[in-house]
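Chain by chain, the residues run as shown.
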Amino acid sequence: MSTANELVKDIHGLVTLPNVYIQIGRLIDDPKSSSADIAKAVGQDPSFTIRLLQVANSALYRFPSEVDAVPKAVSIIGTAQIRNLALSMSVASSFEGLLNELVSMENFWKHSLLCALSARHLAKLVGRCDPDAMFTAGVLHDIGELIIFNRLPEQAQQALLIALDSDEEIPVYQAEQQVMGFHHADVGGALAREWHLPALLEECIAYHHNVAGSQRHRRETALVHLANIFALMAEVDTLDPLDVPSIDPLAWELTGLEDDCVEPCVREVQTEIVAIERLFTGQK
Amino acid sequence: MTPGSDGRHPPLPPALPSFEHVRRTWNESLGVYSARILPGEYYVTKSEEAVATTLGSCIAACIRDSVSGVGGMNHFMLPATDGNTSESWKAAGLGASTRYGNFAMEHLINSILRTGGRRENLEAKIFGGGRIIAKMTDVGARNIQFVRDYLRAERVRVVAEDVGDIHPRMVVYFPATGDAKVKRLRSLHNNLIAIKESSYINKVIDKPVSGDIELF
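Values in this document were obtained by computation on a predicted structure and should not be read as measured data.

Rules and cut-offs
Residues numbered from 1 in each chain as written. Chains lettered and ligands numbered in written order. Predicted model: local features only at pLDDT ≥ 70, side-chain atom pairs only at ≥ 80, totals over all residues. Heavy atoms only, no water. Helix = DSSP H or I, 4+ residues; strand = E, 2+ residues; numbered from the N terminus. Buried < 20%, exposed > 50% of the residue type's maximum accessible area, 1.4 Å probe, protein only. Contact = heavy atoms within 4.5 Å. Pairing = 2+ DSSP bridges. Axes fitted to C-alpha atoms, helices over the stretch in contact; angles between N-to-C directions. Buried area = accessible area lost by both parts, 1.4 Å probe. Salt bridge = Lys/Arg side-chain N within 4 Å of Asp/Glu carboxyl O. Polar contact = N/O pair within 3.5 Å; in protein donor to acceptor, adjacent residues only side chain to side chain. Nonpolar A, V, L, I, M, F, W, Y, C, P; charged D, E, K, R; others polar. Core = buried A, V, L, I, M, F, W, Y, C linked by side-chain atoms within 4.5 Å.

S.K.: Tell me about the side chain of Ser-57 of chain B, and please be specific about residues and values.
M.R.: Residue and element names in this part refer to chain B. The topology assignment puts Ser-57 in the loop between β4 (50-55) and β5 (59-65). Overall, Ser-57 belongs to the buried group, its relative accessible area being 8%. Residues in contact with Ser-57, not counting those within four places in the same chain, are Met-77, Gly-129, Gly-130, Val-139, Gly-140, Asn-143 and Glu-197.

Below, the structure written as structure tokens:
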């Protein structure tokens, strides 16, 4: 039986960390580099450049004047945030080759993006969390699912059947645990380690179904746990907690949020997704 | 675990003859036994129990006698009409694709009537017909049209429906009260549900029509 780590080793070469993310990261870590250097690195990826400017001008940022050039985008969005966007906006094309029969890429990234928007929204409510970093965590939270669906299609199908047969009383991640001995959050966490992603992203990905497991970034992990469930509510257009998996009370406790935040968040992300979906999922 | 054997749940109500094979489990959150039907199956009961199924572009018609509470649910779809009809069907002159739908509806209604339901008391709720695979033709819409037409022709009142849209659904129906609970499912389940539904419809199409083979 494979482990989460072995699965991640398996896809080595098939899926790589987006180059533009690596380049920006190097420049940020280099004390001699300037924001002009970062703008130049961004400019070398035309697809990212175009979509970055579109996002900068979307309702997501609400800048008072038009962001018409990369240097301006870098200076008003911020270098760290540009790096997060580089990852968020390129990961879908990184995973393009990892096809599977179980979920369409369109539906997969739509859920991820709804989670990203929810996480960003909640980060602003909670404070002390970087909304752009939380957005990226949301985009990446289920990434392990694509690896499982591609590498272990039969077990993945068996797990989905268990979830369906139980009327979803057994959540998908628990069904995966039953069938494979690990679940998609374990695999996503392993990939985050393999890619040397920041610890914040790694913990949010690895523990979004098990908030108690996170150690250094508990509040952020709790936010992604909530955001995942709000994303499901937005997708099936419900505000009834019985229609979606239950929320871990620890997530409420760690974030200080209360359930009156559910409706405004769900409604806002349902609106926001329409404008930005295409920019992130690589669909024309 | 044998249902009811641990004393935590009431005993499993007896199934009507010809429905003994349908899997029934205790539903913890609803506090009832629930018979789970698959594409092509149906289930009728006069007990206080639920019937449940998961629908993509298939239809579930839930029909009951609103006075006696006898009722049940079917789960079916019409095959595509693009000329894929198998040779055996063509040979038998049964090319009309609505045949499958007619069988499903007739079996359900006849079984309710045989169990004591009265035709004039029948009421229906219809669910499903979702367009869960965006790139395919909208087979759900045809299924919805069929079941509406069928019920109108049979003069069965449709008291509620939740059909169309893009989501799969989980439906739980309580014939005794006529209540139905619908839960829309996330898109992660779409493809698997579509795979199960198309393997059902392909199996049905490939079956010979002679003899008294159960057609769905």
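Next, the rest of the story.
S.K.: Describe the sheet that holds strand β6 (residues 71-74) of chain B, naming the residues involved and giving the relevant values.
M.R.: Residue and element names in this part refer to chain B. Spatial strand order, β3-β6-β5-β7-β8: 5 strands in an open sheet with mixed pairing. Strand pairing shows two members of the sheet lacking a second neighbour, β3 (42-45) and β8 (157-163), which therefore form its edges. Each strand of the sheet is rotated relative to its neighbour by a mean of 10°, with strand direction disregarded. Bridging between strand β7 (residues 122-128) and β8 involves 6 bridges; their strand directions are parallel. Among the inter-strand pairings, Lys-125 is bridged to a residue of β8, identified as Ala-160.

S.K.: Can you lay out the interface of chain B and chain A for me, pointing to particular residues and giving the numbers?
M.R.: Listed per partner, the contact involves 21 residues of chain B and 26 residues of chain A. Interface area for chain B against chain A, summed over the two sides, is near 2200 Å², with a carbon-plus-sulfur share of 50%. Three residues stand out in chain B for area buried against chain A, namely Arg-186, Leu-188 and Leu-192 of chain B, and they jointly supply 29% of the buried area on that side. Taken together, chain B and chain A are joined by 5 salt bridges. Residue Asp-165 of chain A pairs with Arg-23 of chain B through a salt bridge whose shortest N-O separation is 3.7 Å. The interface formed by chain B and chain A contains 9 residue pairs in polar contact (both at pLDDT 80 or more). At the level of elements, β10 (179-184) and α4 (190-206) of chain B are the ones that each hand at least two residues to the side of chain B that touches chain A. Split by residue class, the side of chain B that touches chain A holds 5 nonpolar, 8 polar and 8 charged.

S.K.: Give me the lowdown on the nonpolar core, citing residues and values where you can.
M.R.: Judged by nonpolar contacts, the single largest core of 114 residues is most densely connected at Phe-95 and Trp-109 of chain A. Excluding its chain neighbours within four sequence positions, the residues that come into contact with Phe-95 of chain A are Val-15, Met-105, Trp-109, Ile-143, Leu-146, Ile-147, Leu-191 and Trp-195 of chain A. With 46 residues, the next largest nonpolar core counts Ala-35, Ile-59, Leu-122 and Ile-144 of chain B among its residues.

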